[in-house]
Structures are given as structure tokens and as C-alpha cells.
Amino acid sequence: VQAQRQGRATRLEYRVVHPDGSVHWLLDRCIPMLDDAGNVKSLAGVVVDITERKAAEEEAIHQKTLLRAIIDLLPDSIYAKDREGRKTLANPVDVRFMGLSSEADALGKSDAEIFPRDVADLFATIDEQVMQQGKALINQEEWLMTDGEKRYLLTSKVPLRNASGETIGLVGV
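Residues numbered from 1 in each chain as written. Predicted model: local features only at pLDDT ≥ 70, side-chain atom pairs only at ≥ 80, totals over all residues. Heavy atoms only, no water.

Concerning the overall build of the chain
Worth spelling out the cut-off: Runs of H or I in DSSP of at least four residues are treated as helices and runs of E of at least two as strands, each being numbered from the N terminus. Only C-alpha atoms enter the radius of gyration; for comparison, a globular chain is expected to reach 2.2 Å times N to the power 0.38, where N is the number of residues.
Of regular secondary structure, the chain possesses five helices and eight strands. Starting at the N terminus, the α and β elements of the chain follow one another as α-β-β-β-α-β-β-α-α-α-β-β-β. Relative to a compact globule of 173 residues, whose C-alpha radius of gyration would be 16 Å, the chain shows 25 Å and is clearly more extended. Each of the three principal axes of the chain carries a C-alpha extent, and together these read 75 × 45 × 35 Å.

Okay, structure coming up:
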């Protein structure tokens, strides 16, 4: 109300409870109408029921939280990279494989910033193949862990696509 009295447009989302007990979300947009002197003489506005949108937003948040919990609890290394090969997701196992402390240490970094040059070059070649061909790739890899232990891994990489079907990166396990 104060913003409207000062002649500023407002946009507000809020909940209302109907007499039957159902909860509805509303979007209230209001524009003050000014007289020639610049004083607010009236308000013009519209209120839209956005209950379905809010429910969809809540469901999307729930699904994202659930998916992240699953990704973080799996005993496998799970990661995503953008088209330039920078990490956009790294679960705790992947973070450990990289010899880092947290996902924040990995995000935005390329393999060249984390691994020895020969390893980073191999990963870049495989990643580019996956993104160029647009097909999944299953590969056996030999890893020398940061503690010196040798491990043999079966890895899978698949292209990550946007809503238009364009390859925007990859996901690896």
C-alpha cells in the first residue's frame, strides 16, 4: 500500500483460504493512476489465480531435492559437464575421485584444472566424442587414485540435451 501511495506499481503473490478451506495462491498486480500533479488518484489492477503454477513450482522443487538426494547417496561417481567441459554437478564420490573437498571446489572447473594433462586430454577426447556423436558411450578405464591405489572402472557418458534437443553437455557415471 505504501508503494502504491508513492505512485509505484506493485506485484505481490499471496495465499487466501476460501470458505471451504481450500488454499489458493493469487498474483496481484497494481498500477497507480496519477493526476496531472503526479498524485495517486486511483489504482488499476488485476488479480490472477496462480494456484496451479505454485503447485507445479513446489513439485519441481520436491523433484529436484529428491533427485539430488539420490545422486548424492549413490555409491558411484556421478557428474555433469557443460559443452566446454566444465563441471556443473559432482556428487560426493566424484568429488573424492578428483581428490577435492567439496562440490564447490569442482564446479566450473575443467578436467585440465584437476587431473594430470594426459588424463585430462583423454577425458576431453571421450567427452567430445559423446557430444559430437550424440550417443552414449560405455568405457573401461584404469584410474590411479590420489592415494596411489589403482582402480578399474566401467564408465558411462551420455549427452545432455536441452528442450530443443541440442547437446549442451554430458552426464557421466
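A look at the nonpolar core
For clarity, the cut-off: Throughout, nonpolar core names a set of buried Ala, Val, Leu, Ile, Met, Phe, Trp, Tyr and Cys residues whose side chains join them through atoms within 4.5 Å. Any residue under 20% of the maximum accessible area for its type is buried, any over 50% is exposed, and the rest in between are partly exposed; the area is computed with a 1.4 Å probe on protein chains only.
Counting residues in each nonpolar core, the largest one holds eleven residues, listed as A90, V93, V95, F97, M98, A106, I114, F115, F123, W143 and L153. Here this core gets three residues from one element, more than from any other, and that element is helix α3 (residues 92-97).

Observations regarding the sheet that holds strand β1 (residues 10-17)
Whenever strands of a sheet pair, they do so through backbone hydrogen bonds, lying parallel or antiparallel. Our working rule: DSSP-based pairing: two strands are paired if at least 2 bridges between them are found. For helices, the fitted line uses only the C-alpha atoms of the stretch in contact; every axis is such a line through C-alpha atoms, and the angle between N-to-C directions lies from 0 to 180 degrees.
One open sheet holds the three strands; their spatial order is β1-β2-β3, and the pairing between them is antiparallel. Each end of this open sheet is capped by a strand with a single partner; those strands are β1 and β3 (40-49). Strand-to-strand twist across the sheet, computed as the mean angle between neighbouring axes with direction ignored, equals 30°. In this sheet, strand β2 (residues 23-34) lies alongside β1 in antiparallel orientation, the contact comprising eight bridges. For T10, the partnering residue across the bridge sits in β2 and is C30.

Topic: the pattern of salt bridges
Think of it this way: side chains of opposite charge can pair up when their charged atoms draw near. Put simply, the test is: Every case where a carboxyl oxygen of Asp or Glu lies within 4 Å of a side-chain nitrogen of Lys or Arg is listed as a salt bridge.
The final tally for this structure, using the stated rule, is 14 salt bridges. The partner of K81 in a salt bridge is D111, and the shortest N-O contact between them spans 2.5 Å. Taken together, the residues span a long stretch of sequence, with K81 in strand β4 (residues 79-82) and D111 in the loop between α4 (103-106) and α5 (117-133) at a distance of 30 residues.

Brief notes about the packing of aromatic side chains
Here is the rule we go by: Each aromatic pair joins two rings of Phe, Tyr and Trp (for Trp, the six-membered one) with centres within 6.5 Å, and gets the label stacked for planes under 30 degrees apart, edge-to-face for over 60, and tilted for any other angle. We call a charge positioned above a ring when the Lys NZ or Arg CZ atom is no farther than 6 Å from the ring centre and deviates by at most 35 degrees from the ring normal.
Here the structure, examined in full by the defined rule, presents one aromatic pair. Note on F115 and F123: the rings are 5.3 Å apart at their centroids and 90° apart in plane angle, and the pair reads as edge-to-face. When its relative accessible area of 13% is taken as the criterion, F115 is described as buried. Overall, the relative accessible area of 6% leaves F123 in the buried class. One cation-aromatic arrangement involves K54 over W25; the distance from NZ or CZ to the ring centre is 4.4 Å. Note that K87 overlies the ring of Y79, its terminal NZ or CZ placed 4.2 Å from the centroid.

Some remarks on α5
Rules: What a helix is expected to span follows from its residue count: subtract one and scale by 1.5 Å.
If you check α5, its first and last C-alpha atoms are 24 Å apart, about what 17 residues at 1.5 Å a residue would give, namely 24 Å. At the exit of α5 stands G134, carrying a positive phi of roughly 70°.

Distances and angles like these do not, on their own, reveal function.
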